[in-house]
Amino acid sequence: MSQALPETIPTALFAERADAVAAAARELSALGWTPATSSNFSMRVDADHAAITISGRDKGRLGRDDIMLVDMQGKAVGTDARPSAETELHTQVYRRWPQMNAVLHTHSRTQSVASRLFAKAGMVRLQGWELQKAITGYTTHESVLEIPVFPNTQHMPELVARVDAWLDAGKPLHAYLIDGHGIYTWGRDMAETRRHLEALEFLLGCELDLRRLSA
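Numbering of residues starts from 1 in every chain and runs along the sequence as written. pLDDT decides what is reported in this predicted model: residues at 70 or higher carry local features, side-chain atom pairs at 80 or more are listed and counted, and totals for whole chains, interfaces and linings draw on all residues regardless. To get the side-chain values, all heavy atoms of the structure are used, and hydrogens and water are removed first.

An unreviewed UniProt entry lists the protein under the name Methylthioribulose-1-phosphate dehydratase, from Rhodanobacter glycinis. UniProt positions are given in the numbering used here, feature names are shortened, and annotations may be inferred rather than shown by experiment. One UniProt comment on the protein, placed under Sequence similarities (unreviewed entry), says "Belongs to the aldolase class II family. MtnB subfamily." In the Catalytic activity (unreviewed entry) part of its UniProt record, the protein is described as follows: "5-(methylsulfanyl)-D-ribulose 1-phosphate = 5-methylsulfanyl-2,3-dioxopentyl phosphate + H2O".

J.: Is there a simple way to explain the side chain of glutamate 86 in this structure?
T.: For the purposes of this entry, the term helix denotes a DSSP run of H or I that reaches at least four residues, the term strand denotes a run of E that reaches at least two, and both are numbered from the N terminus. Structurally, glutamate 86 can be placed in the loop between strand E3 (67–71) and helix H2 (87–96). Note on classification: 1.4 Å probe, protein chains only; a residue is buried when its accessible area is under 20% of the maximum for its type, exposed when over 50%, partly exposed between these limits. In this count, Lys and Arg are taken as positive residues and Asp and Glu as negative ones, while His and the chain termini are left out. Whenever Lys or Arg places a side-chain nitrogen within 4 Å of a carboxyl oxygen from Asp or Glu, that contact is recorded as a salt bridge. An unpaired buried charge is present at glutamate 86: no salt bridge exists, and lysine 59, the closest side chain of opposite charge, is 9.5 Å distant.

J.: I tried to follow the pairing of strand E1 (residues 40–46) on my own but got confused; where do I start?
T.: It is a general feature of regular strands that their side chains alternate between the two faces of the sheet. Burial analysis of E1 places six of its seven residues in the buried class, which makes it a mostly covered element. Alignment of E1 against strand E4 (residues 102–106), held across four bridges, turns out to be antiparallel. Bridge assignment links phenylalanine 41 to a residue of E4, and that residue is leucine 104. Bridging between E1 and strand E2 (residues 49–53) involves four bridges; their strand directions are antiparallel. Residue pairing for E2: aspartate 46 is matched across the bridge by histidine 49. Any two strands are treated as partners once DSSP identifies two or more bridges connecting them. Taken together, E1 and the strand that follows it, E2, pair antiparallel across an intervening segment of two residues.

J.: Explanation requested: the UniProt feature "binding site: Zn(2+)" (unreviewed entry) in the protein in the structure shown.
T.: UniProt tags His105 and His107 as "binding site: Zn(2+)" (unreviewed entry). The annotated residues that sit in the lining of the largest pocket are His107. Relative to the helices and strands, histidine 105 resides in strand E4. Residues are treated as being in contact if the distance between any of their heavy atoms lies within 4.5 Å. With residues up to four places along the chain from it excluded, the contact list for histidine 105 reads Ser39, Asn40, Phe41, Glu86, His181, Gly182, Ile183 and Tyr184. Of note is the side chain of histidine 105, whose polar atom sits 3.2 Å from the side chain of glutamate 86. Secondary-structure assignment places histidine 107 in the loop between E4 and helix H3 (109–117). Residue classification places histidine 107 among the buried residues on the basis of a relative accessible area of 18%. Residue contacts for histidine 107: discarding those within four places in its chain leaves Trp33, Pro35, Ser38, Ser39, Ser112, His181 and Gly182. A 1.4 Å probe that fits into a set of points on a 1 Å grid over the protein atoms alone but cannot get out defines a cavity; an open set with protein on both sides within 12 Å along at least five of seven lines defines a pocket, and lining residues are those with an atom within 4 Å of a point. Polar contacts here mean pairs of N or O atoms no more than 3.5 Å apart (in protein, one a potential hydrogen donor and the other a potential acceptor; neighbouring residues in sequence count only if both atoms are side-chain atoms).

J.: Where do I start with the layout of surface pockets in this structure?
T.: The gaps left among the atoms become clear once a water-sized probe is rolled over them. Grid points are joined across faces, edges and corners, and a volume is the space filled by probe spheres set on the points. Estimates place the volume of the largest pocket at around 220 Å³. Any residue that is not Ala, Val, Leu, Ile, Met, Phe, Trp, Tyr, Cys, Pro, Asp, Glu, Lys or Arg is counted as polar, Gly included; the first ten are nonpolar and the last four charged. Here the residues of the lining of the largest pocket are counted per class, giving three nonpolar, 13 polar and two charged.

J.: Even after reading the chapter, I still don't get unusual backbone geometry, so can you show me in this structure?
T.: Most of the time, phi is negative for any residue but glycine, and the peptide bond is trans. In this structure, alanine 36 takes a positive phi of about 55° despite not being glycine. If you trace the backbone, alanine 36 turns up in the loop between helix H1 (11–30) and E1. A residue is classified by how much of its surface remains accessible, and alanine 36, at 74% relative accessible area, is exposed. Residues other than glycine seldom take positive phi values, yet serine 39 does so here, at roughly 85°. Along the chain, the position of serine 39 falls in the loop between H1 and E1.

J.: Just to check I follow, could you spell out H1 for this structure?
T.: Given 3.6 residues to a turn, an α-helix orients residues that are three or four positions apart in the same direction. By definition here, a helix of n residues has an expected span of 1.5 Å times n minus one. Given a rise of 1.5 Å per residue, 20 residues ought to cover 28 Å, and the 29 Å separating the end C-alpha atoms of H1 matches this to within 8%. Among the residues making up H1, those that are buried are Phe14, Ala15, Arg17, Ala18, Val21, Ala22, Ala24, Ala25 and Leu28. For H1, the elements touching its buried residues are E1, E2, E3, E4 and helix H5 (190–214).

J.: Sorry, what's going on with the pattern of salt bridges here?
T.: It is possible for side chains of opposite charge to pair when their charged atoms get near one another. Counted according to the given criterion, the structure contains 14 salt bridges. Note that glutamate 130 and lysine 133 form a salt bridge whose closest N and O atoms lie 2.7 Å from each other. Judged by relative accessible area, glutamate 130 falls into the partly exposed class, the value being 48%. The closest approach of N and O atoms between arginine 212 and aspartate 209, which form a salt bridge, is 2.1 Å. Linking arginine 212 with aspartate 209, this pair stays in helix H5, spanning three residues, or about one helical turn. A network of salt bridges, in which partner residues are shared, links Glu27, Arg194 and Glu198.

This is the structure we're talking about:
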């Protein structure tokens, strides 16, 4: 892939971000969380740009050339490659939170089933789980962690508006599910974002087990 970078972005910086995104994608694919080329991953490059996975690529085989640059409106920069259809959900995170530098979106079986099961309630309400403390800002199992479930749509501005409405209502947001789809989460760096994703995968699995065992 030919990627022409703006003069303000050093080649080494883009390469570092692209390699980190590709490595995370391969690792998450190995867990079975990115079936059939699904999922998308990104990292902030600077205040105006992010590195994101190119649409339709096998996430288990990603390399640097499978990552492209977009601006904060989700438009391709310096390449004819097509970014993920959900790029606007990534850039929304970067616009709303300047301190956030990575976004991960996966489609694990657990995430997908939980998104359907809790869609009617509109959220998953997590309380009493020790692993809630893996989410930045949560220091006790006694806290309440709400993960909203937004309706699925192919019209990204509609999803962006739903996320904005949640935030504009003053509600905390560390991740969200999309009905019949998967999960989005983010963090200040890739390690924090991976921690959030892995913790939420575990917590959603626990909630599903409780439902099954208490039926």
